[in-house]
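# Architecture at a glance
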Amino acid sequence: MMLKSFRFLSMFRAYVTSSMLLVLATALALIIANSTASDAYFAFWNQPVSLSVGEFNLFSHAGHPMTLMDLINDFFMAIFFLMVGLEIKREILVGELSSPRKALLPLIGACGGMIVPVVVFWLLTPDDPVMLRGLAVPMATDIAFSLGVLSVFGKRVPLSLKIFLATLAVADDLGGIIVIATCYSSHIDMIYLFYSVILVAVLVVGSLRGVRAKVFYAVFGMALWYTVLNSGIHATIAGVVLAFCIPASMKHRVTYFIERIRECVSTFPVIPITGKHLKGAMLTHEQIDTLKQIESASDRIISPLQDMEDNLHTPVNYFIIPLFAFANAGINMEGMGIDSLFSGVGLSVMAGLVIGKFLGVFLFSWLSIQTGLVQLPSGTCWKSFASVCMLSGIGFTVALFIADLAYDSADAAQMVLLSDAKLGILVGSLVSALLSVILLNFALPKAEMSSGQ
């Protein structure tokens, strides 16, 4: 049964990408939010949820049960940011952020891609402190969407450009995490903050003392999420902090476990594979124990960080992110005119994504290359590089998340601003995607024709 489920999952991922699911979830949310089922759609997300033992409810904030929307935005998105944190830590240790030479260009581009959109938003937004809470909305690049668009061009895209965009998006996420932690936290509860510090200390000591059991980090990570949630710091930060506490190495070298596997395999008799050996035979107790040793040694080859990142990839990209989009992308267009998109927050967000992100990433990168600080990615030209910079304007997931933090949906006036911001995100991301596809089609080398054509 498990084998069939694994095969189905493999086939599903082979034909359905996470970007496709994201688009589908967004489209469904918009359709339902503007249909006769709109009232039921919005009311559904306000249903209370609980996970209680006696009087203690894990899914509660300040003594009140969380709603389904809170669960998605505070709990499930904490898991999303856990995966993001694991990716960032891996990139810092062994990836594109591990070398200053490799990391410098995308880091400089990411800085420009965060600064200029904020400036564009500030210039276009009326001098209203409530509206200006959305300054950070157009900062982030959606890595799934942007890489999904780039993958359409297949081998026409140089590997160096793919690495640049992926590293840029990771750096953007890091910037978004810092902004969420510093700008979108409510009143701080010092008691819960103290509990959070104690839990982080336990996790750090466990990591330093060689604890590699994932259940240890899961249990204390859940406790950390609860204390951070109730401390006033946004709960998603707990996911990032937990990620940096998870070990990236093993107690023994990989070769140690490989030798153990070889020793165990050598105890099995060598039997040629023929028709009569295709049927399974009963194993002895010794052989079962040996197979379990092989399984245990195989698990220990992979570090907790890499194992957890790999295990989170499918549920996050194929469930959590589409669910987040379905819950948050629904905008009721009733009463919204063209002014919603070409004035106020809607215009500021759209321009920040389409114009601000492109100008910020491209100009900061261009200046650093012209001054000799870094080099243009190998195998690329300025046209293709600029086309990829346009992709950074796809700021869907994290942009929606920050918009929800910036504007309180419980307040009628801010709910209007939130809807305008979401509309700006959707249109801005779509325009950035379309422009980048057009530019990439002209800038990238044409695909080679097969010999049979």
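Everything discussed here concerns the structure shown above.
These notes cover the structure that comes with them. The structure displayed is predicted, hence computed values, not measured ones. Numbering of residues starts from 1 in each chain and follows the order in which that chain's sequence is written. This being a predicted model, a pLDDT of at least 70 is required before a residue's local features are given, and a value of 80 or more before pairs of side-chain atoms are given or counted; all residues contribute to the totals for chains, interfaces and linings. To obtain the side-chain values, all non-hydrogen atoms of the structure were included, while hydrogens and water were left out.

Further remarks concern a nonpolar patch on the surface. Judged by side-chain polarity, I115, V119, W122, L123 and L124 come together as a nonpolar surface patch covering roughly 500 Å² of accessible area. Elements are defined by DSSP. Helices are runs of H or I of four residues or more, strands are runs of E of two residues or more, and each kind is numbered from the N terminus. By the secondary structure assignment, V119 is in helix α5 (residues 100-124). Only protein chains enter the accessibility calculation, which uses a 1.4 Å probe. A residue is then buried if its area is under 20% of the maximum for its type, exposed if over 50%, and partly exposed in between. Look at V119 and you get partly exposed, because its relative accessible area is 38%. Like charges within 9 Å and nonpolar side chains (Val, Leu, Ile, Met, Phe, Trp, Tyr) within 5 Å are joined into patches, using only residues over 30% in relative accessible area that form no salt bridge. Only the protein chains shown count as cover for residues, and all accessible areas are computed by the Shrake-Rupley method using a 1.4 Å probe. Salt bridges are identified by distance alone: a Lys or Arg side-chain nitrogen within 4 Å of an Asp or Glu carboxyl oxygen.

Another point: the packing of helix α16 (residues 396-406) against helix α17 (residues 412-443). Packing of α16 against α17 leaves a shortest axis separation of 10 Å and a crossing angle of 170°. With respect to α17, the element α16 is oriented roughly antiparallel. Only Q414, L418, A421, K422, I425, L426 and S429 of α17 make contact with α16, whose side of the interface consists of F396, A399, L400, A403, D404 and A406. Nonpolar residues are Ala, Val, Leu, Ile, Met, Phe, Trp, Tyr, Cys and Pro. Charged residues are Asp, Glu, Lys and Arg, and all others, Gly as well, are polar. Grouping the constituent residues of the contact of α16 with α17 by class yields 9 nonpolar, 2 polar and 2 charged. In this description, a line fitted to the C-alpha atoms serves as the axis of each element, helices being fitted only across the stretch in contact, and the angle between N-to-C directions of two axes falls anywhere from 0 to 180 degrees. Here roughly perpendicular refers to angles of 65 to 115 degrees, roughly parallel to angles under 35, roughly antiparallel to angles over 145, and oblique to all remaining angles. By definition, residues are in contact when any of their heavy atoms lie within 4.5 Å.

Among the structural elements, T125 can be located in the loop between α5 and α6 (143-151). The class of T125 is buried, set by a relative accessible area of 7%. Reaching out from T125, the side chain makes a polar contact with the backbone oxygen of F121 at a distance of 2.6 Å. A distance of 2.7 Å separates a polar atom in the side chain of T125 from a polar atom in the side chain of S348. Pairing of N or O atoms within 3.5 Å defines a polar contact, subject to two protein rules: one partner must be a possible hydrogen donor and the other a possible acceptor, and residues neighboring in sequence count only if both atoms are side-chain atoms.

This part covers the packing of aromatic side chains. Any two rings among Phe, Tyr and Trp, with Trp reduced to its six-membered ring, count as a pair given centres within 6.5 Å; such a pair is stacked if its planes are under 30 degrees apart, edge-to-face if over 60, and tilted if neither. A full pass over the atoms with the stated rule returns 24 aromatic pairs. For the pair F56 and Y226, a centre-to-centre distance of 5.2 Å together with 65° between the ring planes defines the contact as edge-to-face. Of the two residues, F56 is situated in strand β2 (residues 56-57) and Y226 in helix α9 (residues 214-231); the sequence distance between them amounts to 170 residues. Their ring planes at 75° and their centres at 6.1 Å tell us that Y192 and Y226 sit as a pair that is edge-to-face.

Taken as a whole and assessed by the stated rule, the structure comprises 4 salt bridges. Its salt-bridge partner being D172, residue K357 comes within 2.7 Å of it at the nearest N-O pair. With K357 in helix α14 (residues 344-370) and D172 in helix α7 (residues 159-183), this pair connects stretches of sequence that are 185 residues apart.

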